Amino acid sequence: MPVKVMIPSPLRPYAGKRDSAEFSARTVGEALGHLTTEFADLRKHLFTDEGKLRSFVNVYVNDEDIRYLAKENTPTKDGDTISIIPSIAGGVRA
Amino acid sequence: MATSVQPQTGTKPAASLSNEEILRYSRHLIMPEVGMEGQLKLKNAKVLLIGTGGLGAPLGLYLAAAGVGKLGLVDFDVVDFTNLQRQVTFGTSDVGKPKSEAARARLANLNPDIQIQSFETQLTSANALELFKDFDVIVDGTDNFPTRYLVNDACIMLKKPNVYGSIFRFEGQATVFGMPDGPCYRCLYPEPPPPGLVPSCAEGGVLGVLPGIVGSIQAMETIKLILGRGDNLIGRLLLFDALGMKFRELKLRKNPNCPVCGTHPTITKLIDYYEFCGVRGEEAPGPTVQVPEITPRELKVRLDRGDDLFILDVREPHEYQICNLKGHLLPLGELTRRVHELDSSREIVAHCRSGKRSAEAVDFLRKAGFRKILNLKGGILAWSDEVDPSVPKY
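Please read all numbers here as calculations on a predicted model, not as lab measurements.

Considering the overall build of chain B
- If you tally the helices and strands in chain B, you get 15 helices and 13 strands.
- Every one of the 394 residues in chain B was classed for burial, and the buried ones make up 46%.

Here's what the structure looks like:
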């Protein structure tokens with residue numbers, strides 16, 4: 001059973017409108033690597049040009065923020081859920 | 001553990017309810033969790049709502065109905081026709097009126113026993129601390145990043161709880177920031193996303209009920225803070241997915257290195273939040289990138305004289321269904337993948353709703369080697385205003 005990556009609605013347009021994707025991965029970084037390989041348009045929304053996770057994108061493994069774990073090296077096990085939580089300002093901006 | 005807020009001192013707290021109030025609040029009074037003691041706490045509480053829009057609507061209605069003694073309403077906007085789909089405080093006859101005043105009138109009608117103060121002003125670094133200081137709880141129902149950071153920082157500096165809610169299309173978030181041992185917004189998001197990387201307007205929109213649900217959660221958290229009852233969303237980010245009808249929660253930690261609420265804060269006074277967020281207001285009109293443009297009238301003249309122009313519509317299919325200029329539909333998000341569909345030898349006019357997304361498309365295509373490409377200035381909205389009013393605006 002692989003790792004499930006939840007894609008939030010603001011990023012779904014760059015992920016083929018998918019709300020989640022599953023990959024075999026040993027770490028968060030590996031899972032996000034698979035994700036951005038499959039959906040190349042997502043890359044610039046998640047990573048800087050230097051390949052670092054953007055500061056306004058929060059990533060959780062289950063309910064824990066990876067910033068307080070081992071960041072992108074945080075190990076994942078089968079059945080884990082990785083959530084990408086971008087900041088949303090709310091309201092409607094037309 | 002329940003956390004309670006201390007009411008502001010100054011005025012003498014109310015010690016009893018009138019018979020009419022007892023009748024009005026009887027469904028609270030017969031609950032042991034509220035009772036006379038809780039209802040008096042509500043009566044003596046002062047809550048400031050930042051924004052009276054989608055989130056502010058249920059917030060204002062429920063907090064007024066619940067008997068929160070003083071409500072402040074901050075909004076500089078006026079009621080727009082497109083607000084009525086979700087901002088249920090307002091009626092059709094309110095269109096064109098200042099929101100803070102229209103909301104005040106509606107809430108005063110709902111509960112004449114409470115004090116309601118409307119502030120028809122934009123919350124700024126210059127007025128935030130002065131506005132906040134008289135209130136016990138600040139509720140953030142805004143729609144833009146600069147104001148969110150401003151509300152957060154001002155709440156930390158004044159040690160006021162900040163009841164946070166935000167929404168996007170079908171998803172909502174809610175939590176309580178600004179409590180002594182809890183995290184703040186900057187612990188969660190140290191920096192805002194740069195303007196170019198926030199979701200495009202194509203993906204905007206919101207299902208009308210969603211702010212109703214998220215705003216109601218904020219109202220519930222506010223009332224619990226005042227009552228000192230139950231478990232608040234402190235250190236927990238509640239995520240709501242309306243499509244999947246699922247609630248989840250994530251752990252939020254207080255960041256000891258947080259520039260505002262950490263052990264050695266580096267931001268100790270309010271800053272320029274528009275500069276911090278890299279925008280002069282999120283609704284700053286016009287394209288973000290400078291590209292060659294054509295006005296709707298010029299386009300009309302050229303089409304009428306039979307020029308060979310390829311109209312490229314970079315909006316989403318569901319927008320095309322609302323109205324279109326019979327252009328070739330290729331959503332901005334798919335442009336990189338489907339660029340081969342376009343013929344660079346033909347003259348192309350790209351358009352979207354307002355001209356912003358198509359400016360990005362023109363910029364991208366120019367970089368990809370397209371030379372004969374123009375952006376329709378003001379998009380289909382301007383086309384409707386200047387050329388063909390039968391095209392609906394949305």
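Some points on the overall build of chain A
- A count of helical and extended segments in chain A gives two helices and five strands.
- When the helices and strands of chain A are read in sequence order from the N terminus, they spell out β-β-α-α-β-β-β.
- The globule rule puts the C-alpha radius of gyration for 94 residues at 12 Å, and the 13 Å found for chain A is close to it.
- Projected onto its principal axes, the C-alpha positions of chain A cover 40 × 25 × 25 Å.
- Expressed as a percentage of the 94 residues in chain A, the buried residues total 37%.
- In chain A, the share of contacts with a sequence separation of at least 24, taken over all contacts with a separation of at least 6, comes to 51%.

Some words on the sheet that holds strand 12 (residues 347–351) of chain B
Residues and elements named next belong to chain B.
- Read across the sheet, five strands follow the order 9-13-12-10-11 without closing on themselves; strand pairing throughout is parallel. The open sheet is flanked by strand 9 (293–294) and strand 11 (328–329), the only strands paired with a single partner.
- Note that strand 10 (residues 309–313) and strand 12 share five bridges and pair parallel. Bridge assignment links F310 to a residue of strand 12, and that residue is I348.
- Helix-sheet contacts for helix 14 (residues 356–367) involve strand 12 and strand 13 (373–376), and the interaxial angle to strand 13 is about 170°.

Focus on the interface of chain A and chain B
- At the junction of the two partners, chain A supplies 26 residues and chain B supplies 37 residues.
- Taken together, the elements giving at least two residues each to the side of chain A that touches chain B come down to strand 3 (57–61), strand 4 (64–65) and strand 5 (81–86) of chain A.
- Counting residues per element, the side of chain A that touches chain B draws most heavily on strand 5 of chain A, at three residues.
- When the residues that make up the side of chain A that touches chain B are grouped by side-chain class, the tally is 13 nonpolar, eight polar and five charged.

Thoughts on the domain arrangement of chain B
- Domain annotation of chain B identifies domain 1 (19–276) and domain 2 (293–386).
- Spacing between the C-alpha centres of domain 1 of chain B and domain 2 of chain B amounts to 39 Å.

Here we look at unusual backbone geometry
- A positive phi is found at N62(A), a non-glycine position, where the angle reads about 55°.
- Looking at where N62(A) falls in the secondary structure, it is placed in the loop between strand 3 and strand 4.
- For N62(A), a count of 13 C-beta atoms within 10 Å gives the class partly exposed.
- The phi angle at K159(B) is positive, at roughly 55°, despite the residue not being glycine.

What counts as what
Residues numbered from 1 in each chain as written. Chains lettered and ligands numbered in written order. Predicted model: local features only at pLDDT ≥ 70, side-chain atom pairs only at ≥ 80, totals over all residues. Helix = DSSP H or I, 4+ residues; strand = E, 2+ residues; numbered from the N terminus. Buried ≥ 20, exposed ≤ 12 C-beta atoms within 10 Å, placed from the backbone. Rg over C-alpha atoms; globule rule 2.2 N^0.38 Å. Contact = placed C-beta atoms within 7 Å. Pairing = 2+ DSSP bridges. Axes fitted to C-alpha atoms, helices over the stretch in contact; angles between N-to-C directions. Nonpolar A, V, L, I, M, F, W, Y, C, P; charged D, E, K, R; others polar. Domains from an automatic or database assignment.

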